[in-house]
Amino acid sequence: MKHDDIAQFLARHPDFFEQHPELLAELNLPHPQSGQAISLIERQSMILRNRITALEARIAEMTRHGEENDVIADKLVHWSRALLLEADPAQLPDTLLRELLAVFSVPHGALRLWDVQPQYRELACAQAVSEDVKRLVTSMAAPFCGANVGFEAAAWMQANDGAIQSLAMLPLRIGAKPAAFGLLVLGSPDKDRFHIGMGTAFLTRIAELGSAATSRLATA
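Fair warning: this is a prediction, and the values are worked out from it, not measured in the lab.

Quick look at the overall build of the chain
A tally of helices and strands in the chain yields eight helices and six strands. Each helix and strand of the chain, placed in order from N terminus to C terminus, yields the pattern α-α-α-β-β-α-α-β-α-β-α-β-β-α. The buried share among the 220 residues of the chain stands at 33%. Counting contacts in the chain only where the partners sit at least 6 residues apart, residues at least 24 apart contribute 60% of the total.

Listed below in structure tokens is the structure:
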């Protein structure tokens, strides 16, 4: 019989050692670290302990991620409440940005909207934006995170030279319209705060809520 035949036999007959308990005491295996001979039961116990340790580590990691997500979700609710409580559309852009930076502890940020209604065209958020930026934002299917490689939007944050090492750019859209009507940008001096490999699920939610709030200023 080959090794595979024995393995398949034992898999098909899990009660084999129950029927032959004397074999458990006679079978010896090398210890994975010391190389000394140990019984099959000892080896099984070691394997089970290792599996339990690995499962405990996974549970701890899942718990940590869950707690982190709960904290972020609470911050998202706090920010959303501030948006809902702002009754004046003209004050909404400042409220949106101020509360967002404070709640999520982001050092720099900026908001630009285009195609706004006439009564809002003098707001700071309605300053001119290049056509290149508009095309870039409209082409974005999801928020962008990564290093600041000279993006025009980084200059909107009016930070000192070199202060914006990483940034997140969140396109703003009205519902399912393909064309964007604004851009929310967040910046940090920490090059790893917004990195290319980070998840964007919560940033997407922020973009959706920000879009819904600021759509009151946009033209139809």
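From this point, things continue past the structure.
A look at the packing of helix H5 (residues 92-103) against helix H8 (residues 201-214)
Running from N to C, H5 and H8 point in directions that differ by 160 degrees, and their axes come no closer than 10 Å. Looking at the two axes, H5 sits roughly antiparallel to H8. In this structure, H5 crosses over H8, and the sense of that crossing is right-handed. Between H5, through Leu92, Leu96 and Leu100, and H8, the contact on the second element is made entirely by Ile206, Gly210, Ala213 and Thr214.

As for the side chain of Ser166
Here Ser166 lies in strand E5 (residues 166-172). Polar side-chain contacts of Ser166 include one of 2.6 Å to the backbone oxygen of Asp190. The residues touching Ser166, leaving out its near neighbours within four places in the chain, are Gly146, Ala147, Asn148, Leu186, Gly187, Ser188, Asp190, Lys191, Asp192, Arg193 and Phe194.

Here's the deal with the sheet that holds strand E6 (residues 182-188)
Working definition: the strands of a sheet are paired by backbone hydrogen bonds and lie parallel or antiparallel to each other. One open sheet accounts for four strands, arranged E3-E6-E5-E4; its pairing is antiparallel. Looking at strand neighbours, the two that pair on one side only are strand E3 (108-113) and strand E4 (144-147), the edges of this open sheet. The average angle at which neighbouring strand axes cross in this sheet is 15 degrees, direction not considered. Where H8 meets the sheet, its contacts fall on E3, E4, E5 and E6, and the angle it forms with E5 comes to roughly 45 degrees.

Some points on the nonpolar core
Residues Trp79, Phe104, Leu113, Leu184, Leu186 and Ile206 are the most contacted members of the largest nonpolar core, which totals 31 residues. Elements with a minimum of two residues in this core: helix H4 (40-85), H5, E3, E5, E6 and H8. With six residues, the top contributor of residues to this core is H5. If near-sequence neighbours (up to four positions away) are discounted, Trp79 is found in contact with Leu96, Glu99, Leu100, Phe104, Ile206, Leu209 and Gly210. Formed by 16 residues, the second largest nonpolar core is a distinct cluster that contains Trp114, Val137, Met169 and Val185.

Digging into the pairing of E6
Counting buried residues along E6, seven of its seven residues qualify, which places the element largely inside the surrounding structure. What you see with E6 is no split at all: Gly182, Leu184, Leu186 and Ser188 on one side and Leu183, Val185 and Gly187 on the other are buried throughout. Across six bridges, the pairing between E3 and E6 is antiparallel. Note that in E6 the partner of Leu113 across the bridge is Gly182. Two elements, E5 and E6, share seven bridges in a ladder whose sense is antiparallel. Residue pairing in the sheet places Met169 in a bridge with Val185 of E6.

Here's the deal with the side chain of Thr95
Note on placement: Thr95 falls in helix H5. When near neighbours in sequence (up to four residues on either side) are disregarded, Thr95 contacts Ala82, Glu86 and Leu100.

Notes on the pattern of salt bridges
What the rule picks out here adds up to five salt bridges. A salt bridge links Glu131 to Lys134; the shortest N-O distance between them is 3.5 Å. With Glu131 and Lys134 both in helix H6 (residues 131-139) and three residues apart, the pair spans about one turn of that helix. The exposure class of Glu131 is partly exposed, given its relative accessible area of 48%. Here Arg135 makes a salt bridge to Asp132, at a shortest N to O gap of 2.4 Å. Here Arg135 and its partner Asp132 are both found in helix H6, three residues apart, which amounts to about one turn of the helix. A single burial state applies to Arg135 and to Asp132, both of which are exposed.

Thresholds, definitions, all that
- Residues numbered from 1 in each chain as written.
- Predicted model: local features only at pLDDT ≥ 70, side-chain atom pairs only at ≥ 80, totals over all residues.
- Heavy atoms only, no water.
- Helix = DSSP H or I, 4+ residues; strand = E, 2+ residues; numbered from the N terminus.
- Buried < 20%, exposed > 50% of the residue type's maximum accessible area, 1.4 Å probe, protein only.
- Contact = heavy atoms within 4.5 Å.
- Axes fitted to C-alpha atoms, helices over the stretch in contact; angles between N-to-C directions.
- Parallel < 35°, antiparallel > 145°, perpendicular 65-115°, else oblique.
- Left-handed = near helix turned anticlockwise from the far one by under 90°.
- Polar contact = N/O pair within 3.5 Å; in protein donor to acceptor, adjacent residues only side chain to side chain.
- Pairing = 2+ DSSP bridges.
- Core = buried A, V, L, I, M, F, W, Y, C linked by side-chain atoms within 4.5 Å.
- Salt bridge = Lys/Arg side-chain N within 4 Å of Asp/Glu carboxyl O.

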